[in-house]
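Understanding the architecture of this molecule
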Amino acid sequence: MIVACGGKKEKARHTKTASLIESVDQLHVDTIVTTPGEILCTPEIDHILRHYPELFQATKQALKMYEKLTEQNLEFVKDGGYDVRQLLDQALFGKDTDTYESEWPDFSNIDNKYLQMIADATTVEEKSEIGRTRRAWKEYMKQLESIAQALPEECRPRFIEAVKEEAK
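My aim in this report is to walk through the structure given alongside it, one point at a time. (Residues numbered from 1 in each chain as written. Predicted model: local features only at pLDDT ≥ 70, side-chain atom pairs only at ≥ 80, totals over all residues. Heavy atoms only, no water.)

1. Here's the deal with the overall build of the protein
Of regular secondary structure, the protein possesses eight helices and zero strands. Along the protein, helices and strands appear, N-terminal first, in the series α-α-α-α-α-α-α-α. When the 168 residues of the protein are sorted by exposure, 40% land in the buried category. A sequence separation of at least 24 residues applies to 68% of the contacts in the protein between residues at least 6 apart. (Helix = DSSP H or I, 4+ residues; strand = E, 2+ residues; numbered from the N terminus. Buried < 20%, exposed > 50% of the residue type's maximum accessible area, 1.4 Å probe, protein only. Contact = heavy atoms within 4.5 Å.)

See the structure below:
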């Protein structure tokens, strides 16, 4: 039974992959050519991304920014939070539902926490470090918003919902 359920899930992912590629192929967009062994997310996600050049480039930039965030040892990214690879997996292959919103969330509450941390810091070095972390966070969130705009329309609400879930 477990094998049968796993097969259904794989078939659904394959169907979504084929549908996304078929939709964009009708537009006759050139695909991104990658070198063997070059992987952004996973081979499955990369196969789709290569057909969406704007999405591929936005994802590539987001991964660089995500690495910058993880270097800063931020608590919310230590466990994989906001990892663009996981967010894209949910956006491309997640369960369809009509309850997702399609507006980008407001992250002012997180920004306000950073500002409060800066105000509470006791040294200039601490204030500077928190300021750099805040700037990296804001740049990454802006890049995630660019990915949301580059995603195929049917995937966008799932991506936004995945980002919102990470913010909780």
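There is more to say, and it comes next.
2. Describing the pattern of salt bridges
Across all of its chains, the model carries five salt bridges by this definition. In this structure, the salt-bridge partner of aspartate 83 is arginine 85, at a minimum N-O distance of 3.1 Å. Here arginine 134 makes a salt bridge to aspartate 111, at a shortest N to O gap of 2.5 Å. Here arginine 134 is found in helix H7 (residues 124–150), whereas its partner aspartate 111 is found in helix H6 (residues 108–120), with 23 residues between them in sequence. Take aspartate 111: its relative accessible area is 15%, and that puts it in the buried class. (Salt bridge = Lys/Arg side-chain N within 4 Å of Asp/Glu carboxyl O.)

3. Regarding the packing of aromatic side chains
The tally for this structure, following the rule as stated, stands at three aromatic pairs. Residues tryptophan 104 and phenylalanine 107 carry aromatic rings whose centres are separated by 6.1 Å and whose planes lie at 70° to one another, so their mutual orientation is edge-to-face. The pair formed by tryptophan 104 and phenylalanine 107 is uniform in burial state, with each residue classed as buried. Between phenylalanine 107 and tryptophan 137, the aromatic rings sit 6.1 Å apart at their centres with planes inclined by 85°, giving edge-to-face as the arrangement. Linking phenylalanine 107 in the loop between helix H5 (84–93) and H6 with tryptophan 137 in helix H7, this pair joins segments that are 30 residues apart in sequence. In terms of burial, phenylalanine 107 and tryptophan 137 fall into one category: buried. (Phe/Tyr/Trp six-rings, centres within 6.5 Å; stacked < 30°, edge-to-face > 60°.)

4. What about helix H8 (residues 156–167)?
For H8, spanning 12 residues, the distance from its first C-alpha to its last is 17 Å, which sits close to the expected 16 Å at 1.5 Å a residue. Along H8, nine of the 12 residues are buried, which leaves the element largely enclosed by surrounding structure. Turning to H8, its buried residues number three or more, namely Arg156, Pro157, Arg158, Phe159, Ile160, Glu161, Ala162, Val163 and Lys164. (Expected span 1.5 Å × (residues − 1).)

5. What about the packing of H5 against H8?
Two elements in contact, H5 and H8, have axes whose closest approach is 8 Å; the angle formed by their N-to-C orientations is 140°. The orientation of H5 relative to H8 falls into the category oblique. H5 and H8 meet at a crossing whose hand is right-handed. Contacts from Leu87, Leu88, Gln90, Ala91 and Leu92 of H5 reach H8 at Arg158, Phe159, Ala162, Val163 and Glu166. (Axes fitted to C-alpha atoms, helices over the stretch in contact; angles between N-to-C directions. Parallel < 35°, antiparallel > 145°, perpendicular 65-115°, else oblique. Left-handed = near helix turned anticlockwise from the far one by under 90°.)

6. Quick word on the environment of serine 128
Here serine 128 is to be found in helix H7. Linking serine 128 and isoleucine 118, residues 10 residues apart in sequence, is a C-alpha distance of 8.1 Å.

7. What to know about the side chain of glutamine 143
In this fold, glutamine 143 is placed in helix H7. In this structure, glutamine 143 is in contact with Ala58, Gln61, Ala62 and Met65, ignoring residues within four places of it in sequence.

8. A short note on the packing of H5 against H7
Running from N to C, H5 and H7 point in directions that differ by 25°, and their axes come no closer than 12 Å. Considering the angle they form, H5 stands roughly parallel to H7. As for the relative orientation of H5 and H7, their crossing is right-handed in sense. Here H5 contributes Val84, Leu87 and Leu88 to the contact with H7, which in turn contributes Tyr140, Leu144 and Ile147. Residue composition of the contact of H5 with H7, by class: six nonpolar, no polar and no charged. (Nonpolar A, V, L, I, M, F, W, Y, C, P; charged D, E, K, R; others polar.)

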